[in-house]
Amino acid sequence: MVCAIHAKLLSWSPSIFAGYNSIRFDEELLRQAFYQALYPPYLTSFHNNGRADVLGLALSAVANSSDALIVPVGETGRRSFRLPDLARANKLQHRKAHAAMSDVEATLALCRLVSVRAPQAWQRFVRFSKKATVIDFIQGEDAFLLTEFYSNEAYHTPVVCVGIDPADANARLCLTLNSRTRTLLMASDDEILASLDEKPCPLRRVRVNAAPSLTPLYEVDELEFDLDQYEMETIACEVKADPSVCERLIRIYHSRAKPWPTSSYVEQRIYDGFYTREDEVLMQQFHEAGWHERADLVSRLKDDRLRLLGMRLLHDEVPHLLTQQQSQAVKAHFAQREQALEVGPLSCAQAVSETDDLIKRLAPADVERLIEYRSYLTKKIADEQ
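The structure displayed is predicted, hence computed values, not measured ones. (Residues numbered from 1 in each chain as written. Predicted model: local features only at pLDDT ≥ 70, side-chain atom pairs only at ≥ 80, totals over all residues. Heavy atoms only, no water.)

Looking at this model, I keep getting lost on the environment of Arg307. Mind explaining?
Considering the arrangement of structural elements, one finds Arg307 in helix H14 (residues 304-317). Sequence separation between Arg307 and Thr323 is 16 residues, and the spatial gap between their C-alpha atoms is 13 Å. Beyond its immediate stretch of four places on either side in the chain, Arg307 contacts Val298, Ser299, Leu301 and Lys302. Within polar-contact distance, the side chain of Arg307 engages the backbone oxygen of Leu301 at 3.0 Å. (Helix = DSSP H or I, 4+ residues; strand = E, 2+ residues; numbered from the N terminus. Contact = heavy atoms within 4.5 Å. Polar contact = N/O pair within 3.5 Å; in protein donor to acceptor, adjacent residues only side chain to side chain.)

Any chance you could explain the pattern of salt bridges here in plain terms?
Proximity of charged atoms lets side chains of opposite charge pair with each other. Within this structure, the stated rule accounts for 21 salt bridges. For Arg82, the salt bridge goes to Asp85, with nearest N and O atoms at 3.2 Å. Relative accessible area serves as the criterion here: at 44%, Arg82 is assigned to the partly exposed category. (Salt bridge = Lys/Arg side-chain N within 4 Å of Asp/Glu carboxyl O. Buried < 20%, exposed > 50% of the residue type's maximum accessible area, 1.4 Å probe, protein only.)

Looking at this model, I keep getting lost on the packing of aromatic side chains. Mind explaining?
The geometry of an aromatic ring pair is captured by two quantities: the separation of the ring centres and the angle between the planes. Scanning all chains against the criterion turns up ten aromatic pairs. Plain terms: the ring middles of Phe137 and Phe144 are 5.4 Å apart, the flat faces sit at 65 degrees to each other, and that makes the pair edge-to-face. Each member of the pair, Phe137 as well as Phe144, is classed as buried. Here Phe286 and Trp291 contribute two aromatic rings whose centre-to-centre distance is 6.3 Å and whose plane-to-plane angle is 85 degrees, an arrangement assigned as edge-to-face. Residue Phe286 is classed as buried on the basis of its relative accessible area of 4%. Members of the aromatic cluster, joined through ring pairs, are Tyr42, Phe46, Tyr271 and Phe274. The side chain of Arg294 reaches across the aromatic face of Phe286, ending 5.0 Å from its centre. A cation over an aromatic ring shows up here: Arg294 above the ring of Trp291, its NZ or CZ 4.3 Å from the ring centre. (Phe/Tyr/Trp six-rings, centres within 6.5 Å; stacked < 30°, edge-to-face > 60°. Lys NZ or Arg CZ within 6 Å of the ring centre and 35° of its normal.)

Could you clarify how one ought to interpret the sheet that holds strand S4 (residues 153-165) in this entry?
The five strands lie next to each other as S6-S5-S4-S3-S7, forming an open sheet whose pairing is antiparallel. The sheet is open, and its two edges are formed by strand S6 (203-207) and strand S7 (213-216), each paired on a single side. Across the sheet, the axes of successive neighbouring strands diverge by a mean angle of 45 degrees, strand direction being ignored. The pairing of strand S5 (residues 168-176) with S6 spans five bridges and is antiparallel. Among the inter-strand pairings, Leu175 is bridged to a residue of S6, identified as Leu203. (Pairing = 2+ DSSP bridges. Axes fitted to C-alpha atoms, helices over the stretch in contact; angles between N-to-C directions.)

Even after reading the chapter, I still don't get the side chain of Asn90, so can you show me in this structure?
Inspection of the secondary structure puts Asn90 in the loop between helix H4 (83-89) and helix H5 (100-117). Accessibility expressed as a relative area gives 8% for Asn90, which makes it buried. Ignoring any residue separated from it by four or fewer positions in sequence, one finds Asn90 in contact with Leu69, Ile70, Leu113 and Arg117.

Mind showing me how you'd approach the side chain of Ser213 here?
You can see Ser213 is positioned in strand S7. A polar contact of 3.4 Å, which involves the side chain of Ser213, links it to the side chain of Ser60. Beyond its immediate sequence surroundings of up to four residues, Ser213 is in contact with Ser60, Leu145, Leu146, Thr147 and Phe149.

Help me out: how do you make sense of the pairing of strand S1 (residues 16-19) in this one?
One face of the sheet, then the other: side chains in a regular strand alternate in exactly this way. Residue alternation in S1 divides its side chains into a buried set, Phe17 and Gly19, and an unburied set, Ile16 and Ala18. In this sheet, strand S2 (residues 50-53) lies alongside S1 in parallel orientation, the contact comprising four bridges. Bridging from a neighbouring strand, Ala18 pairs with Ala52 of S2. Where the polypeptide runs from S1 across helix H2 (residues 26-36) and back to S2, its parallel neighbour, the crossover connection is right-handed. (Right-handed = clockwise from strand over helix to strand, strands pointing away.)

Bear in mind that shape data such as this cannot, by itself, settle questions of function.
Written as structure tokens, this is what we have:
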């Protein structure tokens, strides 16, 4: 299945890949699927592709023009940007919520509606779907407007980019531009460090590969700030002209970062680093070869993550091709996964308990597969005892 999805998306490249709340959910699932099947995980960012999130488009369109979309109020009394609710309020066809094709059709219809009612929001959506374009904009503009969304509310902040986040090459640190900015720049390291715990934080982190909502200051007409455009651009120019100021802010920001230990779960190591060119060649050969050749290719991979994932694939499909050492390593890997731990995936016993709870709560018509799954789990536990 993953091979077929990979081939289809690659055949569509270059494209802009978009979904509804997709960057935080669907894209992560897609990346994991490619990663665990020995494909490079970043297909939607590479091959001259772009990626964007239509939820962000809807929020941005409404933030800049209240007439762009009709946003209904949900049961909690807050505005609802759920796709079924937006589709219903704006009379867009959405036959069955959470059914794949129906969701796609509703998302596409929403894009078309926004492109007509809020063309500037649509143009920015398309423009900033590509990481390279976002980087060029952030680094090229002295000052610009960053729009962030929390609980479906838009927060607009004039900022200037001070540099790359040392912990993430796909993130930029941006300094808020307001009447307190110059005072902050003259403060001590400890005072700046303390200010980073304030809300809103004076340093904003922008992911350049996540289609951020950005606007040139000269396009901002309806919003008012405590500094005018000239004053904000003057401070921005001063900041960008002094590398020592930028380096100091980045150093202080980064000093707060807590080192994350390497996870014992290979799935959680997807972002532990890029593969070498040699491993990428072996991964491509893996998908072009037969199973006998694949066993040799997996053994030649330098990245320990890829070797383990490759052995798991061999274990599932052709376990007889694994060496005794490889077979023991995979079995030990699965045995460790099935033990009860405070963090990480469910153990077999925990999965049985969760399944029992679901069976009690769901309608009889919905539990057939769960009962079948429970039988599989209990047999697995019995076989290992």
